[in-house]
Structures are given as C-alpha cells and as structure tokens.
Amino acid sequence: GGMRRFRFAVGASIFRGLLVRTDSGLRGFIDWCAHQDLPLQDDRDEIIRQDGLLVCAWHWARYDPETGRGVDGPCVGGLPVWPIEIGLDGVVRTA
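Described in the following lines is the structure provided in the data block. (Residues numbered from 1 in each chain as written. Predicted model: local features only at pLDDT ≥ 70, side-chain atom pairs only at ≥ 80, totals over all residues. Heavy atoms only, no water.)

Structural notes on the pattern of salt bridges
Scanning the model with the defined rule gives five salt bridges in all. With a closest N to O distance of 3.7 Å, Arg 62 and Asp 51 form a salt bridge. With Arg 62 in strand β6 (residues 62-63) and Asp 51 in the loop between β4 (48-50) and β5 (53-55), the pair connects residues that are eleven residues apart, well separated along the chain. Arg 62 gets classed as buried once you look at its relative accessible area, which sits at 15%. Across the pair Asp 89 and Arg 93 runs a salt bridge, and its minimum N-O distance is 2.8 Å. Overall, Arg 93 belongs to the partly exposed group, its relative accessible area being 37%. In the salt-bridge network here, residues are joined through shared partners; they are Asp 51, Arg 62 and Asp 72. (Salt bridge = Lys/Arg side-chain N within 4 Å of Asp/Glu carboxyl O. Helix = DSSP H or I, 4+ residues; strand = E, 2+ residues; numbered from the N terminus. Buried < 20%, exposed > 50% of the residue type's maximum accessible area, 1.4 Å probe, protein only.)

Written out as structure tokens, the structure reads:
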C-alpha cells in the first residue's frame, strides 16, 4: 500500500502525520519513532518499507503498518496512533 506524510495542527501544536494504506484500510500514525523521538525519516526521503513493515531510517526500528506496534529493532512500544475517519467527500479528518 501507499503512504503519505504531512504536518497537521491541533491547537497550537504541530505534528508530523503519516497515512498508510494497508490491506484492511487507511491507518493514521504520528510520524515519531518510539526509540529516539525522531520522525521515521528526515524531510527529504520517503519512509522505508521492508518486508511489509515501516522502518525508521535512524536506527532501523521496524513497525507493523496495521497497528503501529514495534516488531523489531530498538523500538519500545510503537508509533502513536492518530485516529482518522474518511468523510463522504473523501477527505481524511481526525476522528
């Protein structure tokens, strides 16, 4: 599936968002590695996918794209989930 990165605001805070298309639908995560508090990639590159998993370029932590759960590498926990919904107009919104 495809992915898209972007920034979004909640009040005065700005977050890096990550939308991931999986076999079971669209998933939303905050683009923030559980290992080192860094985005999975810098702004110049796309998120790495390896064996179907999302991979952090800094220390190779690997995450399940369905759940955001850390499955390999130095990650503890997982990617923070961003609850999303898709409106009838096709626009993705925070749920």
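Some points on the sheet that holds β5
If you trace the four strands from one edge of the open sheet to the other, you get β4-β5-β6-β7, paired in antiparallel fashion. Looking along the sheet, the strands with just one partner apiece sit at the ends: β4 and β7 (70-72). As paired elements, β4 and β5 share three bridges and run antiparallel to each other. Residue pairing across strands places Ile 48 opposite Val 55, the latter belonging to β5. (Pairing = 2+ DSSP bridges.)

Remarks on the side chain of Asp 31
Within the element layout of this structure, Asp 31 appears in the loop between β3 (25-30) and β4. At 3.1 Å, the side chain of Asp 31 forms a polar contact with the side chain of Arg 5. (Polar contact = N/O pair within 3.5 Å; in protein donor to acceptor, adjacent residues only side chain to side chain.)

Structural notes on the nonpolar core
Counting twelve residues, the largest nonpolar core consists of Leu 18, Val 20, Phe 29, Cys 33, Leu 40, Ile 47, Leu 54, Cys 56, Ala 61, Tyr 63, Cys 75 and Leu 79. Leu 19, Leu 26, Trp 82 and Ile 84 belong to the second largest nonpolar core, which has six residues in total. (Core = buried A, V, L, I, M, F, W, Y, C linked by side-chain atoms within 4.5 Å.)

Side note on the state of the cysteines
By definition, a disulfide links the sulfur atoms of two cysteines through a covalent bond. Summed over all chains, the structure comprises zero disulfides. Lacking any disulfide linkage, Cys 33 is separated from the closest cysteine sulfur, that of Cys 56, by 3.7 Å. Using a relative accessible area of 1% as the deciding quantity, one classes Cys 33 as buried. Taking relative accessible area as the criterion, Cys 56 reaches 2% and is therefore assigned buried. (Disulfide = S-S within 2.5 Å.)

Brief notes about unusual backbone geometry
If you check the backbone angles, Asp 51 has positive phi at about 55° while not being a glycine. Owing to a relative accessible area of 68%, Asp 51 belongs among the exposed residues under this scheme. Of note, the phi angle at Trp 60 is positive, near 65°, even though the residue is not glycine. Among the residues examined, Trp 60 registers a relative accessible area of 48% and is labelled partly exposed.

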